[in-house]
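Chain by chain, the residues run as shown.
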Amino acid sequence: MRINVVTIFPETMDAFFAAGMLSVAKKKGRVEFRSVSPREFTSDAHRTVDDAPFGGGPGMVMMAPPIVEAVESLQPAPGSPVILMGPAGKRFEQADAERLAREPELTFVCGRYKGVDERIRDLVVTEEISLGDFVLSGGEVAAAAVIEAIVRLVDGVLGDDESAATDSFAAGRDGLLDCAWYTRPAEYRGRKVPDVLMSGHHAEIEKWRRQSSLERTRRYRPDLIDKKSST
Ligand SMILES: C[S@@+](CC[C@H](N)C(=O)[O-])C[C@H]1O[C@@H](n2cnc3c(N)ncnc32)[C@H](O)[C@@H]1O
């Protein structure tokens, strides 16, 4: 998979790609990352990427030409998603991560200031994704979160493929939250690990985990149970 990010702060994405699971994915040759700044596609001395909005009003708007040309310079595979990060987009969910993890190439566009010139949507963007109903100062943190959720689902990226299959929201968890997990010590400040987890009885452990997953979902996210029963 190839992942491209258009951002005026490419160094933030490069630092993000250089750590943890993403750097492992890169080393394993599963994912290739590129980040490009729209400033490279300006012709003035200040490398200006924003301007005042037509019609007046507060703030600055990111201009269409530097962003459109930055996307075009990456020559994304025909038909591959070009994703604008923005609060108006579809709220990102695990199902989106699963869908996007099957694409050979993804291009993310990060806005700043008041947002981007609307024509960027018309000319290069294929979908818009939001991290949630709140406003960030830029799309970089949102793109980073979405990229991390996608890349960990790409075949061969995680050492233990099982761990993604049974995570919260995954098909292996039936769309519910993950179960409770424990590790050593077996007792800490008077709190003991449930006996069944140390019994070595795999069928009983599976049963306990299924029950734990249901209980945690009922407690923390009852909406997921309602959603499941309505489908
Ligand atoms: C200050 S915001 C612009 C907000 C815009 N004026 C609005 O009210 O919808 C600047 C940039 O941050 C990014 N951004 C802000 N909130 C976001 C969110 N919830 N999800 C994804 N990206 C977001 C977008 O790329 C956006 O263009």
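Our subject is the structure that appears above.
Each value, and the rule that gives it
- Residues numbered from 1 in each chain as written.
- Predicted model: local features only at pLDDT ≥ 70, side-chain atom pairs only at ≥ 80, totals over all residues.
- Heavy atoms only, no water.
- Helix = DSSP H or I, 4+ residues; strand = E, 2+ residues; numbered from the N terminus.
- Buried < 20%, exposed > 50% of the residue type's maximum accessible area, 1.4 Å probe, protein only.
- Contact = heavy atoms within 4.5 Å.
- Pairing = 2+ DSSP bridges.
- Axes fitted to C-alpha atoms, helices over the stretch in contact; angles between N-to-C directions.
- Phe/Tyr/Trp six-rings, centres within 6.5 Å; stacked < 30°, edge-to-face > 60°.

*Asks:* Explain the side chain of Ser-213 to me, please; I cannot follow it from the model alone.
*Replies:* Turning to its location among the elements, Ser-213 is positioned in helix 8 (residues 202–220). Exposure remark for Ser-213: the relative accessible area of 1% places this residue in the buried category. Apart from residues no more than four positions distant in its own chain, Ser-213 is found in contact with Arg-173, Leu-176, Leu-177, Asp-178 and Cys-179.

*Asks:* Honestly, the sheet that holds strand 1 (residues 2–6) in this entry has me stumped. Any pointers?
*Replies:* Backbone hydrogen bonds hold the strands of a sheet together, and the pairing may be parallel or antiparallel. With parallel pairing, the 5 strands of this open sheet are ordered in space as 2-1-6-5-7. Where the open sheet ends on each side, the last strands, each with one partner, are strand 2 (32–36) and strand 7 (127–130). Mean inter-strand twist for the sheet, computed between neighbouring axes without regard to direction, equals 35 degrees. For strand 1 and strand 6 (residues 105–110), the ladder comprises 5 bridges, and the chain directions are parallel. Bridging across to strand 6, Ile-3 finds its partner in Leu-106.

*Asks:* Help me out: how do you make sense of unusual backbone geometry in this one?
*Replies:* Apart from glycine, the bulk of residues carry a negative phi angle, and the bulk of peptide bonds sit in the trans form. The residue after Arg-184, namely Pro-185, is reached through a cis peptide bond having omega 5 degrees. The residue Pro-185 is located in the loop between helix 7 (162–165) and strand 8 (187–188) in this model. Phi is positive for Arg-47, which is not a glycine, with a value near 50 degrees. Position of Arg-47 relative to the elements: it lies in the loop between strand 2 and strand 3 (50–51). Unusually for a residue other than glycine, Gln-75 sits at a positive phi of about 45 degrees. Mapped onto the fold, Gln-75 is located in the loop between helix 3 (64–73) and strand 5 (82–91).

*Asks:* Help me understand the packing of aromatic side chains in this model?
*Replies:* Each aromatic ring pair is specified by the distance between its two centres and by the angle formed by the two planes. Taken as a whole and judged by the stated rule, the model has 3 aromatic pairs. Considering the side-chain rings of Phe-16 and Phe-17, the 6.3 Å spacing of their centres and the 55 degrees angle between planes classify their relative orientation as tilted. Aromatic pair Phe-17 and Phe-33: ring centres 4.0 Å apart, planes at 10 degrees, arrangement stacked. With Phe-17 in helix 1 (residues 10–17) and Phe-33 in strand 2, this residue pair connects regions lying 16 residues apart in the sequence. The buried category is assigned to Phe-33, whose relative accessible area is 12%. One aromatic cluster in this structure is built from Phe-16, Phe-17 and Phe-33.

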